[in-house]
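One-letter residues, chain by chain:
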Amino acid sequence: MSGARRALVGYVPGAWDMFHIGHLNILQRARAHCDRLIVGVVTDEVLESAKGKRPVVPLVERLEVVGALDLVDEVVVDHASDKLDAWRRYGFDVIFKGDDWRGTPKGDRLEQAMASVGVIVRYFPYTAHTSSTVLRTTVTGRA
(Lines give C-alpha, C1' and ligand atoms only; values in the text may rest on other atoms or scores of the structure.)
Protein backbone atom coordinates (compact mmCIF):
# COMPACT_ATOMS: atom_id res chain seq x y z
CA MET A 1 0.00 0.00 0.00
CA SER A 2 1.33 3.47 -0.79
CA GLY A 3 1.88 5.81 2.13
CA ALA A 4 -0.81 8.23 0.96
CA ARG A 5 -1.26 11.14 3.32
CA ARG A 6 -4.67 11.68 4.87
CA ALA A 7 -6.32 14.97 3.88
CA LEU A 8 -5.69 17.75 6.41
CA VAL A 9 -9.00 19.20 7.56
CA GLY A 10 -9.11 22.83 8.71
CA TYR A 11 -11.81 24.65 10.63
CA VAL A 12 -12.41 28.39 10.83
CA PRO A 13 -15.12 29.51 13.25
CA GLY A 14 -16.45 33.03 13.14
CA ALA A 15 -19.37 35.40 13.08
CA TRP A 16 -18.78 36.44 9.47
CA ASP A 17 -21.07 39.42 10.11
CA MET A 18 -20.97 42.10 7.39
CA PHE A 19 -18.46 40.05 5.37
CA HIS A 20 -15.34 42.11 4.61
CA ILE A 21 -11.69 41.91 3.49
CA GLY A 22 -10.49 40.68 6.89
CA HIS A 23 -12.84 37.71 6.60
CA LEU A 24 -11.65 36.99 3.07
CA ASN A 25 -7.99 37.23 4.18
CA ILE A 26 -8.34 34.61 6.93
CA LEU A 27 -10.30 32.25 4.67
CA GLN A 28 -7.73 32.52 1.87
CA ARG A 29 -4.87 31.90 4.31
CA ALA A 30 -6.68 28.95 5.89
CA ARG A 31 -7.43 27.43 2.48
CA ALA A 32 -3.70 27.51 1.67
CA HIS A 33 -2.91 25.48 4.82
CA CYS A 34 -5.36 22.58 4.56
CA ASP A 35 -6.84 20.18 2.04
CA ARG A 36 -10.43 20.57 3.17
CA LEU A 37 -11.80 23.76 4.72
CA ILE A 38 -14.85 23.77 6.98
CA VAL A 39 -16.18 27.15 8.08
CA GLY A 40 -18.31 27.45 11.18
CA VAL A 41 -20.82 30.29 11.33
CA VAL A 42 -21.67 31.09 14.93
CA THR A 43 -25.37 31.38 15.81
CA ASP A 44 -26.96 34.71 16.65
CA GLU A 45 -27.53 33.51 20.22
CA VAL A 46 -23.91 32.44 20.79
CA LEU A 47 -22.71 35.77 19.39
CA GLU A 48 -25.05 37.73 21.60
CA SER A 49 -23.92 35.75 24.63
CA ALA A 50 -20.21 36.20 23.80
CA LYS A 51 -20.22 39.80 22.59
CA GLY A 52 -23.34 41.29 24.15
CA LYS A 53 -24.90 42.16 20.80
CA ARG A 54 -26.66 40.43 17.96
CA PRO A 55 -25.09 40.37 14.49
CA VAL A 56 -26.32 42.83 11.87
CA VAL A 57 -26.72 40.05 9.28
CA PRO A 58 -28.90 37.08 10.36
CA LEU A 59 -27.44 33.56 10.57
CA VAL A 60 -29.20 32.24 7.44
CA GLU A 61 -27.72 35.03 5.31
CA ARG A 62 -24.24 34.69 6.84
CA LEU A 63 -24.34 30.95 6.03
CA GLU A 64 -25.30 31.70 2.45
CA VAL A 65 -22.56 34.32 1.93
CA VAL A 66 -19.79 32.11 3.33
CA GLY A 67 -21.10 29.02 1.57
CA ALA A 68 -20.99 30.78 -1.80
CA LEU A 69 -17.18 31.08 -1.67
CA ASP A 70 -15.29 28.55 -3.79
CA LEU A 71 -12.50 28.29 -1.22
CA VAL A 72 -14.91 26.86 1.36
CA ASP A 73 -15.59 23.12 1.15
CA GLU A 74 -18.33 23.06 3.78
CA VAL A 75 -20.16 25.66 5.83
CA VAL A 76 -21.74 24.60 9.12
CA VAL A 77 -23.64 26.19 11.99
CA ASP A 78 -21.39 26.63 15.03
CA HIS A 79 -23.61 26.16 18.09
CA ALA A 80 -21.16 26.76 20.94
CA SER A 81 -18.25 28.88 22.11
CA ASP A 82 -16.57 25.59 23.10
CA LYS A 83 -14.69 24.49 19.97
CA LEU A 84 -14.35 20.94 21.32
CA ASP A 85 -18.04 20.66 20.46
CA ALA A 86 -17.25 21.58 16.83
CA TRP A 87 -14.28 19.17 16.82
CA ARG A 88 -16.55 16.32 17.97
CA ARG A 89 -18.94 17.10 15.12
CA TYR A 90 -16.43 17.68 12.28
CA GLY A 91 -13.13 16.05 13.29
CA PHE A 92 -10.75 18.76 12.06
CA ASP A 93 -6.95 18.69 12.42
CA VAL A 94 -6.23 22.41 12.62
CA ILE A 95 -8.26 25.40 13.73
CA PHE A 96 -7.53 28.86 12.35
CA LYS A 97 -7.95 32.12 14.26
CA GLY A 98 -6.89 35.74 13.89
CA ASP A 99 -3.74 36.60 15.83
CA ASP A 100 -5.74 39.00 18.00
CA TRP A 101 -6.53 35.80 19.97
CA ARG A 102 -2.86 34.87 20.54
CA GLY A 103 -1.72 35.30 24.15
CA THR A 104 -5.20 36.19 25.43
CA PRO A 105 -7.12 34.19 28.05
CA LYS A 106 -9.59 32.99 25.39
CA GLY A 107 -6.73 32.05 23.04
CA ASP A 108 -4.93 30.19 25.84
CA ARG A 109 -8.13 28.26 26.65
CA LEU A 110 -8.60 27.41 22.97
CA GLU A 111 -5.00 26.17 22.67
CA GLN A 112 -5.36 23.98 25.78
CA ALA A 113 -8.67 22.51 24.64
CA MET A 114 -7.41 21.80 21.12
CA ALA A 115 -4.12 20.31 22.37
CA SER A 116 -6.16 17.84 24.45
CA VAL A 117 -7.44 16.27 21.20
CA GLY A 118 -4.31 16.78 19.07
CA VAL A 119 -5.59 19.77 17.08
CA ILE A 120 -3.17 22.53 16.07
CA VAL A 121 -4.17 26.18 16.55
CA ARG A 122 -2.79 28.32 13.73
CA TYR A 123 -2.98 32.09 13.91
CA PHE A 124 -3.06 34.48 10.96
CA PRO A 125 -2.52 38.24 10.97
CA TYR A 126 -5.62 40.15 12.01
CA THR A 127 -6.73 42.77 9.45
CA ALA A 128 -6.79 45.72 11.84
CA HIS A 129 -7.92 48.42 9.40
CA THR A 130 -11.25 46.69 8.69
CA SER A 131 -13.48 44.96 11.21
CA SER A 132 -17.15 44.23 11.71
CA THR A 133 -17.08 46.55 14.74
CA VAL A 134 -15.83 49.45 12.59
CA LEU A 135 -18.44 48.67 9.94
CA ARG A 136 -21.22 48.38 12.55
CA THR A 137 -20.25 51.77 13.99
CA THR A 138 -20.23 53.34 10.53
CA VAL A 139 -23.56 51.83 9.51
CA THR A 140 -25.50 52.12 12.76
CA GLY A 141 -23.67 54.86 14.63
CA ARG A 142 -23.02 52.51 17.59
CA ALA A 143 -20.53 49.74 18.37
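About the criteria used
Residues numbered from 1 in each chain as written. Predicted model: local features only at pLDDT ≥ 70, side-chain atom pairs only at ≥ 80, totals over all residues. Heavy atoms only, no water. Phe/Tyr/Trp six-rings, centres within 6.5 Å; stacked < 30°, edge-to-face > 60°. Helix = DSSP H or I, 4+ residues; strand = E, 2+ residues; numbered from the N terminus. Buried < 20%, exposed > 50% of the residue type's maximum accessible area, 1.4 Å probe, protein only. Lys NZ or Arg CZ within 6 Å of the ring centre and 35° of its normal. Pairing = 2+ DSSP bridges. Right-handed = clockwise from strand over helix to strand, strands pointing away. Core = buried A, V, L, I, M, F, W, Y, C linked by side-chain atoms within 4.5 Å. Contact = heavy atoms within 4.5 Å. Axes fitted to C-alpha atoms, helices over the stretch in contact; angles between N-to-C directions.

K.L.:
Please explain the packing of aromatic side chains as it appears in this structure.
P.N.:
We describe a pair of aromatic rings using the distance from one ring centre to the other and the angle between the two ring planes. Under the criterion given, the structure shown has four aromatic pairs. Ring geometry for Tyr 11 and Tyr 90: centres 6.1 Å apart, planes at 20 degrees, overall stacked. On the criterion of sequence distance, the pair formed by Tyr 11 in strand β1 (residues 9-14) and Tyr 90 in helix α4 (residues 83-90) is long-range, its members being 79 residues apart. You can call Tyr 11 buried: its relative accessible area is 0%. According to the relative accessible area criterion, Tyr 90 is partly exposed, its value standing at 23%. Considering the side-chain rings of Tyr 11 and Phe 92, the 4.7 Å spacing of their centres and the 10 degrees angle between planes classify their relative orientation as stacked. With Tyr 11 in strand β1 and Phe 92 in the loop between α4 and β4 (94-98), the pair connects residues that are 81 residues apart, well separated along the chain. For Phe 92, a relative accessible area of 1% puts it in the buried group. Every member of this aromatic cluster is reached through a ring pair, and the members are Tyr 11, Tyr 90 and Phe 92. Geometry around Trp 101 places Lys 97 over its ring, the cationic atom sitting 3.9 Å from the centre.

K.L.:
Explain the pairing of β4 here, please?
P.N.:
In summary, the side chains of a regular strand alternate between the two faces of the sheet. For β4, the tally of buried residues reaches five of five residues, placing the bulk of the element in the interior. Burial of the side chains of β4 extends over both faces: Val 94, Phe 96 and Gly 98 are buried on one face and Ile 95 and Lys 97 on the other. By the bridge criterion, two bridges tie β1 to β4 in an arrangement that is parallel. For Gly 10, the partnering residue across the bridge sits in β4 and is Val 94. Between the parallel pair β4 and strand β5 (residues 120-124), the chain is carried across by helix α5 (residues 105-115), and the sense of this crossover is right-handed.

K.L.:
What am I meant to see in the nonpolar core here?
P.N.:
Where a protein is soluble and globular, its nonpolar side chains tend to be buried together. With 17 residues, the main nonpolar core has Val 12, Trp 16, Leu 27, Leu 37, Val 39 and Phe 96 as its most contacted residues. Counting only elements with at least two residues in this core, the list comes to α1 (21-31), β2 (36-42), α3 (59-67) and β4. Look past the residues within four positions of Leu 37 in its chain and what remains in contact with it is Gly 10, Val 12, Leu 27, Ala 30, Arg 31, Leu 71, Val 72, Asp 73, Glu 74 and Phe 96. Within the second largest apolar cluster, 14 residues are counted, among which are Leu 110, Ala 113, Met 114 and Val 121.

K.L.:
Before we go on, may I ask you to explain the sheet that holds strand β3 (residues 74-78) in this structure?
P.N.:
Either a parallel or an antiparallel arrangement is found when strands of a sheet pair, and the pairing is made through backbone hydrogen bonds. Taken in spatial order, the five strands make up an open sheet running β3-β2-β1-β4-β5, and their pairing is parallel. Each edge of the sheet is formed by a strand with only one pairing partner; in this case those strands are β3 and β5. On average, each strand axis in the sheet is inclined to that of its neighbour by 30 degrees, with strand direction left out of account. As defined by bridge partners, β1 adjoins β2 across six bridges and the pair is classed as parallel. Each bridged residue has a counterpart across the sheet, and for Val 12 the counterpart in β2 is Val 39. α5 rests against β4 and β5 of the sheet, and its axis sits at about 145 degrees to β5.

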